[in-house]
Structures are given as C-alpha cells and as structure tokens.
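What follows is the residue order along each chain.
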Amino acid sequence: MRILLANPRGFCAGVDRAIKIVDMCLDVFGPPVYVRREIVHNSHVVKDFRAKGVIFVDELEPVPPKSVTVLSAHGVAPEVFAQAQAKELKLIDATCPLVTKVHLEVHRFVREGYHIVLIGHDGHDEVIGTMGEAPEHTTLVEDEQQARSVDLSAHEKLMVLTQTTLGVEDTQGIINILKERYPQLDLPPTDDVCYATQNRQDAVKALVEAGMDFLLVVGSSNSSNAARLVEVGEARGVRGFLIDGIEQIDEAWLAGVTCVGVTAGASTPEHVIQQVLEYLKQRGGTGVETITTVEENTVFQVPLTLRREVELRAAAQPQN
Ligand code: SF4
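Let us look at the structure shown here. Keep in mind that what you see is a predicted model, and the values were worked out from it rather than measured.

**With respect to the overall build of the protein chain**
- The helix and strand inventory of the protein chain stands at eleven helices and twelve strands.
- For a compact globule of 320 residues, the expected C-alpha radius of gyration is about 20 Å, and the protein chain comes in at 21 Å, within 12% of that figure.
- Across its three principal axes, the protein chain shows a C-alpha extent of roughly 70 × 60 × 30 Å.
- In the protein chain, buried positions account for 41% of the 320 residues.

Below, the structure written as structure tokens:
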C-alpha cells in the first residue's frame, strides 16, 4: 500500500499565531490564562493547553475581572470587546488577520450601502463573529438550497462575503445561484476563502491525481476546513474519513486499499499526523511519498501589545 502525504497540510499561519499567543501569555503572565472558546478547533491543542493551565470558557461571564484572556482565532462580535472592557480584562486578540479582513469588509461595504450576503455555516464561531459586526445588514446563506430560496431585495446593492474555511467549489456553486437570482450581486476584490484552505484543498486534488484511492484527513470533528478536505476527495470518487487521531481509525477501512492519502486540517498538530503515518506503515504501508503543490511561507506576527509585554518582562529580569 502506497502512502501519499499532502503538502501543505496542518497548521496555517493563523493557527500558528494563535497558539504562539497563548504560549506567550502562559510564559509572561503565568496560569491561569482564560481563552474564550477553543483557541483553534482541535482537541489535542485544547487538551495540551488545559494541562498547562489554560481555562477555556464559552463566554466571558465566568472570567474574573482583570484576568488575562485570549480571544480565539475565529474572531468575535463587537459586543465581546465591550464585555471584556466592562470587566477590565487584559485582553489579547488571537483572531486570524484573514478573519479580521472579512470583518473590516463588512463595515466597509455596509458603509457603501450594501446588504451583505454571508456564505457560511450557521453556528460556527467565525460566522457568529462576522454576523455580529452588522447583524441587521447581513443575511446568512449556508448552501445551494438556501441560495435558491433566500428572499433578498431585488433593488438593494448586495455584496457576497464568505467564511474563510469553505469548500472553494461549493462556494462558487452557491454564488452562481445567487448571481442568477440577483444579477446586481457584487463580489469583493479579493477572495475571502483563505490561502490555507485553498492550498489544502488543492493538495487533496493532487493526491487524487497521483492515484490515491482512500483518504484520511486528520482533524477534529468541529474543524470546518478539515471536513471540507474529505468532501474534496469524495467529490472525485475517493472514499475518506475525518479522524481526530489513530484511535478513530477502523482497520477494516484499509482492506483493498492500494494507495492511501493523508492530509490534515489547518488546526491539526504535526505530531498527530506523524502518528497516523506510523500506524499506516505498521499495517502494510510502503514508505511515505510527499506530494507538494505549493510551499507556504505566510507568517502572521503576534500582537504588538504582547511583544511589548515580553520585552518589558525581559528588561525587568535581574541581570547576572
Ligand atoms: S484557516 Fe485561514 S482564516 Fe483560518 S486561521 Fe488559518 S489562515 Fe486564518
């Protein structure tokens, strides 16, 4: 059985930055550090941080006043900043800059008189945050069925924005339907589906072309971009499963497989991917061939306030 490993896979620049921010907060301020929602959608990352003294909360209510609190990579609605201010929290925002870009687009286009049509998954943290920027000027569309039935004004200016982690092809299908029904619909100058989502989906397509007949996507069940990777394989006739780790692999899946592809969502740590590769090698896998579609070199800086805090603490340390 051949093993094909997708590159790029796993951590994107936004996840890398969010994890760095929480690590730096633990170093600089010490535990407990509060994090609103899962910092990134991965059970291993969350479990490791819990062990280091991070307390995850769904909302800010239980967080004691003035505590160090990090906002997750998925972004929040403006009311969360107001709640944090009221509690005088030491707030560090780990929202991915590419999610912030979509929030800024909401403001810009609403100012320009548009109604926003947001394509995304209802209830996802990112969608809740983006909708919260201008709820009265935003309509959520989840899929092609909703694109066919949604009731928008035929006379109002409409701008389509999207969640950053959607399937590229599905999103285009939804936009096509909307455009047919509402010809005045506009698109932003740059795509909202982020580079990492796009690159990981392209990498799965390359695995299909290289002969993959079964796909394992390593990622947690609440990771939107990981779930989309399974769909990209399935759309090309390749059976696949989303697994959080080796404990979720059913060995029977491998019966008759000649070429297994492995990839991972943008929030999956590399060590979990390596465990999956080991598992496959021990069950007849012959080496690992890496299929590279693009080299990623995007890096996002951690917030300046946090970098300054690190410098201040270092300067205050007694010299030998
Ligand atoms: S998947 Fe894209 S939008 Fe989400 S954190 Fe990563 S780079 Fe940012």
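**Considerations on the pairing of strand 1 (residues 2–7)**
- Here strand 1 pairs with strand 11 (residues 259–264) via four bridges, running parallel. Of the residues in strand 11, the one forming a bridge with Arg-2 is Cys-259.
- Sheet topology note: the strand 1/strand 12 (residues 289–292) ladder contains four bridges and is parallel. The residue bridging Asn-7 from the neighbouring strand is Thr-292, located in strand 12.

**Observations concerning the sheet that holds strand 1**
- Read from one edge to the other, the open sheet built from five strands follows the order 10-9-11-1-12, with strand pairing classed as parallel. The sheet is open, and its two borders are formed by strand 10 (239–243) and strand 12, each paired with just one other strand. The sheet shows a mean angle of 25° between the axes of neighbouring strands, taken without regard to direction.
- Judged from the five bridges that link them, strand 9 (residues 214–218) and strand 11 form a sheet pairing that is parallel. Considered in strand 11, the bridge of Leu-216 is made with Val-262.
- Relative to the sheet, helix 8 (residues 195–209) contacts strand 1, strand 9, strand 11 and strand 12, its axis offset from that of strand 1 by approximately 155°.
- Strand contacts of helix 10 (residues 270–281): strand 1, strand 9 and strand 11, with the helix running at about 170° to strand 11, the strand carrying the most contacts.

So, how was this worked out
- Residues numbered from 1 in each chain as written.
- Predicted model: local features only at pLDDT ≥ 70, side-chain atom pairs only at ≥ 80, totals over all residues.
- Helix = DSSP H or I, 4+ residues; strand = E, 2+ residues; numbered from the N terminus.
- Rg over C-alpha atoms; globule rule 2.2 N^0.38 Å.
- Buried ≥ 20, exposed ≤ 12 C-beta atoms within 10 Å, placed from the backbone.
- Pairing = 2+ DSSP bridges.
- Axes fitted to C-alpha atoms, helices over the stretch in contact; angles between N-to-C directions.
- Contact = placed C-beta atoms within 7 Å.

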